[in-house]
Amino acid sequence: MFDASGIYPWAWDARPYPAFPLALDVWSDGVNWETGHWLNGRLGAVPLDDLIGTILEDADVENADASRLRGTADGYVIDRPMSARAAIEPLAPAFTFDAVEEHGTLIFRPRGGDAVATISEEELALDGDDPDCRFVRAQETELPVQIALGFTEVAGDFRRAAVLSRRLAGESRREAKAELALVTSDAVAERAADIWLQDLWAGRERAEFALPPSYAALSPGDVVDLDYRGRVRRLEILEATDAGSRAIKARGIDPEIFNVAARSPRAATTSLPVASGPPEAIAFDLPALRDEADPPLQYFAVHASPWPSAMAVWRSANGESYERIALATIPAVIGETLDDLPSGPVARWDHANSFRVKLASGALVSQNDTRVLGGSNVAAIRNADGGWEIIQFANAELVAENMYLLSRLLRGQQGSEGAMPSVLAAGASFVLLDDALVPGARGVDLLGRNFIYRVGPAADDVGSPRMKEISAAAGNTALLPWAPAQLRAKRVAEGIQLRWIRRTRRGGDSWDALEVPMAEEREAYRVEILDGDAVVRSLETETASALYSSANETSDFGGPQSSLRYRVAQLSAVAGAGNARIATLPL
């Protein structure tokens, strides 16, 4: 005897079944599983004799023997209370076996096989005035031309399926159907349907005859050869009745049809679980993208490939308790620039510059000028200092896989010209500003507060390992006034008169308005007189002009200057000084 503790599965593969062997795009050797020695997917199948034995044992049926049966079932469903007979009968046509009683024992044995006896015409016994043998042949119209067999497909995520077996010749139009609670492959089910149909036609001829008591050993299910009037017929005994002579009822049978080998199951596929780790999540401050009185202070761009589901954004002040604040339903289009991008003109088309961007996924499309000016093709690119310049592009040319050449640009949009460096080095982050963005922090009470964010599949718990954790504070970029435009300086009798044109971060897109609306609580500016980069004097004014007096000029520079360098920024009651404009002007 072998010690059971020393027995190990030799051919157990670590790859999960049924992903292996069905996922051929992952494991190309999956085609070898059908004829290979893998135990995966086979140890779960139950031998037919054990299945029948278990059903009988559950029903407390004793004195039964199913050891002669061969074949396996991947599963069998008994979905309601039923007798053992009702549970076993549907298996008989699928696995071609009969149940007979022999000497007080219920015997399950496969159908077909070699003949156990050859009966000659002289051995037949007469039963009264009846002829010694009578044959009845069923009409073709009484037999099915097609059989449909329903089953549960083991390699198809346990979906219900059906196979058809059809006879190509004959006049019959009848069809037969059967629904089995059997879990198996399409090949086994198709073989069962073929055998069932061929056996019905092979058994269309019935025979009735009588035998002497010397044939008392014959029992239902036995196969015999009957040599009658010069023709040998192979018959399967259906009934045997002892009443003086042994009355036999039999049917024609062709044992060869039970030996047909099943074909290989058809190639199946499986739905692999989405393999996704933590997503790429970017938290960034942007200027107000829409005319809102309370714009978002922070946005999130969330990307994962493949995209498993909606992504949730969770926020915590201390890392102990989290609240869900946003839901990203589609992936953001993010990428990386591949070329250096020099600075360009603001408030007009940049025809000189272009750059390539490599996307993680998604696509970009070209748009005409009208659509671009109406707000299409807006993106943000991050400079080395962490600021984001808002750009637009009219032309997006696909030059390689997931790589686009962007040209015909609008630079420094939404007041972001201050984030445009002299040269933006290749490798800068690129985010398309579309409906995939989700707003995060909103409200001045969150300004400057640092939070811990976790971003991941909405179906997962906030503590899931598929969560990406980042720490970020909401800035005041969305609340900063835009830099004034068209700085001018003119020497007058009192000194130098400084003027500029106010811009607004909200509601300034109308061409018909005489004056853009005031987005701040009051109009106020800070003017700084510069000597190089050093501030020599600071002024504040409530109009879009200021006087730099001659006395102050003499005090700051020692006398009149031929040119003046100054900086002006609009003031916000909430965010402080906005983006500044610097100019050096001749006097």
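Residues numbered from 1 in each chain as written. Predicted model: local features only at pLDDT ≥ 70, side-chain atom pairs only at ≥ 80, totals over all residues. Heavy atoms only, no water.

### Some points on the overall build of the chain
No. 1: Within the chain, the secondary structure is distributed over seven helices and 37 strands.
No. 2: Its C-alpha radius of gyration of 44 Å places the chain more than 25% over the 25 Å reference for a compact globule of 587 residues.
No. 3: Counting over 587 residues, the chain shows a buried share of 44%.
No. 4: If you take every contact in the chain between residues at least 6 apart in sequence, the share linking residues at least 24 apart comes to 65%.
No. 5: When the accessible area of the chain is evaluated, it comes to approximately 31000 Å², of which 49% is carbon and sulfur surface.
No. 6: Of the charged side chains in the chain, 58 are positive and 84 negative, and the gap between their average positions amounts to 8 Å. (Helix = DSSP H or I, 4+ residues; strand = E, 2+ residues; numbered from the N terminus. Rg over C-alpha atoms; globule rule 2.2 N^0.38 Å. Buried < 20%, exposed > 50% of the residue type's maximum accessible area, 1.4 Å probe, protein only. Contact = heavy atoms within 4.5 Å. Areas by Shrake-Rupley, 256 points an atom, 1.4 Å probe, with all protein chains shown as cover. Lys, Arg positive; Asp, Glu negative; His and termini not counted. Charge placed at Lys NZ, Arg CZ, Asp CG, Glu CD.)

### Some remarks on helix α5 (residues 186-202)
No. 1: In a regular helix each residue adds 1.5 Å, so 17 residues correspond to 24 Å; α5 covers 24 Å between its end C-alpha atoms and thus fits that length.
No. 2: Within α5 the residues assigned to the buried category are D186, A187, A189, A192, A193, I195, L197, D199 and W201.
No. 3: Residues of α5 that are buried in the fold lie against α4 (91-95), β9 (144-153), β10 (160-166), β11 (174-184) and β15 (245-252). (Expected span 1.5 Å × (residues − 1).)

### Remarks on the nonpolar core
No. 1: Counting residues in hydrophobic clusters, the biggest one holds 32 residues, and the most contacted among them are I52, L91, F95, F97, F108 and L182.
No. 2: Contributions of two or more residues to this core are made by α2 (48-58), α3 (84-88), α4, β9, β10, β11 and α5.
No. 3: Filtering out sequence-adjacent residues up to four positions away, I52 remains in contact with A66, L69, I88, L91, F97 and F108. (Core = buried A, V, L, I, M, F, W, Y, C linked by side-chain atoms within 4.5 Å.)

### A few points about the packing of aromatic side chains
No. 1: Under the counting rule described, the total for this entry stands at nine aromatic pairs.
No. 2: Arranged with centres 6.1 Å apart and planes meeting at 65°, the rings of F97 and F108 form a pair that is edge-to-face. Here F108 lies in strand β6 (residues 105-110) and F97 lies in strand β5 (residues 97-102), a separation of 11 residues in the sequence.
No. 3: Measuring from centroid to centroid gives 5.4 Å for W500 and Y525, while their planes differ by 70°, and the two rings are edge-to-face. Placement of the pair is W500 in strand β32 (residues 495-501) and Y525 in strand β33 (residues 525-531), with a sequence separation of 25 residues. Here the two residues W500 and Y525 agree in accessibility, since each one is buried.
No. 4: Directly above the ring of W201 sits R167, whose terminal nitrogen or CZ lies 3.9 Å from the centroid.
No. 5: Stacked on the ring of W349, the Lys or Arg R408 has its end atom at 4.2 Å from the ring centre. (Phe/Tyr/Trp six-rings, centres within 6.5 Å; stacked < 30°, edge-to-face > 60°. Lys NZ or Arg CZ within 6 Å of the ring centre and 35° of its normal.)

### So, the sheet that holds strand β4 (residues 75-76)
Whenever strands of a sheet pair, they do so through backbone hydrogen bonds, lying parallel or antiparallel.
No. 1: Judged by pairing direction, the sheet is mixed, and its four strands sit side by side in the order β4-β11-β9-β10 without closing on themselves. Each having just a single partner strand, β4 and β10 make up the two edges of the open sheet.
No. 2: As paired elements, β9 and β11 share eight bridges and run parallel to each other. Within β11, the position partnered with A148 by the bridge is K177.
No. 3: Along the sheet face, α5 touches β9, β10 and β11 and points at about 155° away from the line of β9. (Pairing = 2+ DSSP bridges. Axes fitted to C-alpha atoms, helices over the stretch in contact; angles between N-to-C directions.)

### Focus: unusual backbone geometry
No. 1: The omega torsion of the bond from F20 to P21 falls at 25°, within 30 degrees of zero and hence cis.
No. 2: With respect to the helices, strands and loops of the structure, P21 is situated in helix α1 (residues 19-22).
No. 3: Cis peptide bonds are those with omega within 30 degrees of zero, and the linkage from S305 to P306 qualifies with 0°.
No. 4: Structurally, P306 can be placed in the loop between β17 (299-303) and β18 (311-316).

### Considering the sheet that holds strand β30 (residues 468-473)
No. 1: Reading across the sheet, the four strands line up as β19-β18-β29-β30 and stay open at both edges, with antiparallel pairing between neighbours. Each of the sheet's edge strands pairs with one partner strand only, and the pair in question is β19 (323-328) and β30. For this sheet, the mean inter-axis angle between neighbouring strands, taken without regard to orientation, is 30°.
No. 2: Of the strand pairs in this sheet, β18 and strand β29 (residues 450-457) are connected by six bridges, and their pairing is antiparallel. In the sheet register, A312 faces β29, and the bridge partner there is G456.

### Considerations on the pattern of salt bridges
No. 1: Scanning the model with the defined rule gives 35 salt bridges in all.
No. 2: Taking the shortest distance from any N to any O, the salt bridge between R522 and E542 comes out at 3.7 Å. Residue R522 is found in the loop between β32 and β33, and its partner E542 is found in the loop between β34 (534-541) and β35 (545-549); the two are separated by 20 residues along the sequence.
No. 3: Here R522 falls in the partly exposed class, since its relative accessible area comes to 49%.
No. 4: Residue class for E542 comes out exposed when judged on its relative accessible area of 56%.
No. 5: Among the charged side chains, a salt-bridge network with shared partners connects D98, R111, D199, E236 and R251. (Salt bridge = Lys/Arg side-chain N within 4 Å of Asp/Glu carboxyl O.)

### Observations regarding the pairing of β17
No. 1: With five of five residues buried, β17 lies mostly within the body of the structure.
No. 2: The side-chain alternation of β17 yields two buried faces, one formed by Y299, A301 and H303 and the other by F300 and V302.
No. 3: Bridge analysis of β17 against strand β28 (residues 438-439) gives two bridges, and the strand direction is antiparallel. Looking at β28, one finds that F300 is bridged to V438.

### Thoughts on the environment of F284
No. 1: Along the polypeptide, F284 turns up in strand β16 (residues 280-284).
No. 2: Exposure remark for F284: the relative accessible area of 2% places this residue in the buried category.
No. 3: For F284, the contacting residues outside a window of four places in its chain are Q298, Y299, F300, A301, A380, W388, V431, L433 and L437.

### Details of the side chain of Q497
No. 1: Mapped onto the elements of the fold, Q497 is located in strand β32.
No. 2: Here the side chain of Q497 touches A546 through a polar contact of 3.4 Å, landing on its backbone oxygen. (Polar contact = N/O pair within 3.5 Å; in protein donor to acceptor, adjacent residues only side chain to side chain.)

Coordinates in, geometry out; function isn't part of it.
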